[in-house]
Amino acid sequence: GEEVAQTPKHLVRGEGQKAKLYCAPIKGHSYVFWYQQVLKNEFKFLISFQNENVFDETGMPKERFSAKCLPNSPCSLEIQATKLEDSAVYFCASNPAGNTEAFFGQGTRLTVV
Amino acid sequence: EDQVTQSPEALRLQEGESSSLNCSYTVSGLRGLFWYRQDPGKGPEFLFTLYSAGEEKEKERLKATLTKKESFLHITAPKPEDSATYLCAGANSGYALNFGKGTSLLVTP
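The structure presented is a predicted model; accordingly, all values stated were derived computationally and were not measured.

K.L.:
Explanation requested: empty space enclosed by the protein in the structure shown.
P.N.:
Empty space among the atoms becomes visible once a probe the size of a water molecule is rolled across them. Applying the stated criterion across every chain, the model contains one cavity of 30 Å³ or more. A volume near 30 Å³ is recorded for the largest cavity. Lining the largest cavity are F33, Y35, N95, G98, T100 and A102 of chain A together with F34, A91, Y95 and L97 of chain B. The residue makeup of the lining of the largest cavity, split by class, is seven nonpolar, three polar and no charged.

Right, dumping it as structure tokens:
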């Protein structure tokens, strides 16, 4: 597709439940990035992939968060045992070659209650 | 530690009143300085990439410039539809974007 598609748009989970977010990058883009936006404008990098391989996971919380990009499937970000502080908008972005402009999806708003 | 600082946090302009937004950065192994625009409830929309000091890029009423420590986004004769949050980000050696907290711009008629 010509845009990064994220699903669902909104997700509500009770504390302790699992949350799974999906991202279909733009066709032909090799790099996928996940960011968390908390409060109004604080973006935090989580993880990136080059094709199906983890490229950089320095921002990924060691516990509870995991991500995958498998061939012929949307990429996914999974949070086990969600906590209130996981409430945020999660953005996925893709680009064709690493340090070129990244195109962002519309985000998934996760609310943990 | 990598850091991107934007100022001002918020800016209110009259239509036609030109101004500049500032982004100062310290990003090790900088791979590019990016400007994005974000509207409420939407994902960031790409505006510009700058790779080396002295570089300038223009698009309609916007012009981005880069020095070794700062980038500026100049807005000439803004219109109400330019109201948005403008985000600056430095790409590190791993290509991840390190974002500033943004400048919220309101342009009134």
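K.L.:
Would you explain the sheet that holds strand 8 (residues 75–79) of chain A in this entry?
P.N.:
Strands pair in a sheet through their backbones, by hydrogen bonds, and they do so in one of two ways: parallel or antiparallel. Residue and element names in this part refer to chain A. If you walk across this open sheet you meet the four strands as 1-3-8-7, and the pairing is antiparallel. Two strands lie at the open edges of the sheet, namely strand 1 (5–7) and strand 7 (65–68), each paired on one side alone. The average angle at which neighbouring strand axes cross in this sheet is 15 degrees, direction not considered. In this structure, strand 1 lies alongside strand 3 (residues 19–24), joined through three bridges in antiparallel fashion. Within the sheet, the bridge partner assigned to T7 lies in strand 3 and is Y22.

K.L.:
What is the right way to read the pairing of strand 9 (residues 88–95) of chain A from this model?
P.N.:
Successive residues of a regular strand alternate their side chains across the two faces of the sheet. Residues and elements named next belong to chain A. The buried fraction of strand 9 amounts to eight of the eight residues, a majority that puts the element mostly inside the structure. Residues of strand 9 alternate between two faces, with A88, Y90, C92 and S94 on one and V89, F91, A93 and N95 on the opposite face, all of them buried. Where strand 4 (residues 31–38) meets strand 9, seven bridges bridge the pair, whose relative direction is antiparallel. For Q36, the partnering residue across the bridge sits in strand 9 and is Y90. Sheet analysis places strand 9 next to strand 11 (residues 108–112), joined by three bridges and oriented antiparallel. Within the sheet, the bridge partner assigned to Y90 lies in strand 11 and is T108. Judged from the two bridges that link them, strand 9 and strand 10 (residues 103–104) form a sheet pairing that is antiparallel.

K.L.:
Please explain the pattern of salt bridges as it appears in this structure.
P.N.:
Two side chains bearing opposite charge may form a pair once their charged atoms approach each other closely. Scanning the entire structure with this criterion turns up seven salt bridges over all chains. Across the salt bridge formed by E78 of chain A and K20 of chain A, the nearest N and O atoms sit 3.6 Å from each other. Of this pair, E78 of chain A sits in strand 8 while K20 of chain A sits in strand 3, placing them 58 residues apart in sequence. When the shortest N-O distance is used, the salt bridge between D39 of chain B and R37 of chain B registers 3.1 Å.

K.L.:
Even after reading the chapter, I still don't get the layout of surface pockets, so can you show me in this structure?
P.N.:
The calculated volume of the largest pocket comes to roughly 570 Å³. Mapped onto the lining of the largest pocket, the elements with two or more residues apiece are strand 5 (42–50) of chain A together with strand 1 (3–7) and strand 10 (97–99) of chain B. For the lining of the largest pocket, the per-class residue count stands at seven nonpolar, ten polar and six charged. As a volume, the second largest pocket reaches approximately 420 Å³. If you go around the second largest pocket, you meet 22 residues; those closest to its centre are Q37 and R109 of chain A together with Q38, P40 and G41 of chain B. Of all elements in the fold, only strand 4, strand 9 and strand 11 of chain A together with strand 9 (84–91) of chain B reach the threshold of two or more residues within the lining of the second largest pocket.

Definitions and cut-offs
Residues numbered from 1 in each chain as written. Chains lettered and ligands numbered in written order. Predicted model: local features only at pLDDT ≥ 70, side-chain atom pairs only at ≥ 80, totals over all residues. Heavy atoms only, no water. 1 Å grid on protein atoms, 1.4 Å probe; cavity = no way out; pocket = protein on both sides within 12 Å on 5 of 7 lines; lining within 4 Å. Points joined across faces, edges and corners; volume = space filled by probe spheres on them. Nonpolar A, V, L, I, M, F, W, Y, C, P; charged D, E, K, R; others polar. Pairing = 2+ DSSP bridges. Helix = DSSP H or I, 4+ residues; strand = E, 2+ residues; numbered from the N terminus. Axes fitted to C-alpha atoms, helices over the stretch in contact; angles between N-to-C directions. Buried < 20%, exposed > 50% of the residue type's maximum accessible area, 1.4 Å probe, protein only. Salt bridge = Lys/Arg side-chain N within 4 Å of Asp/Glu carboxyl O.

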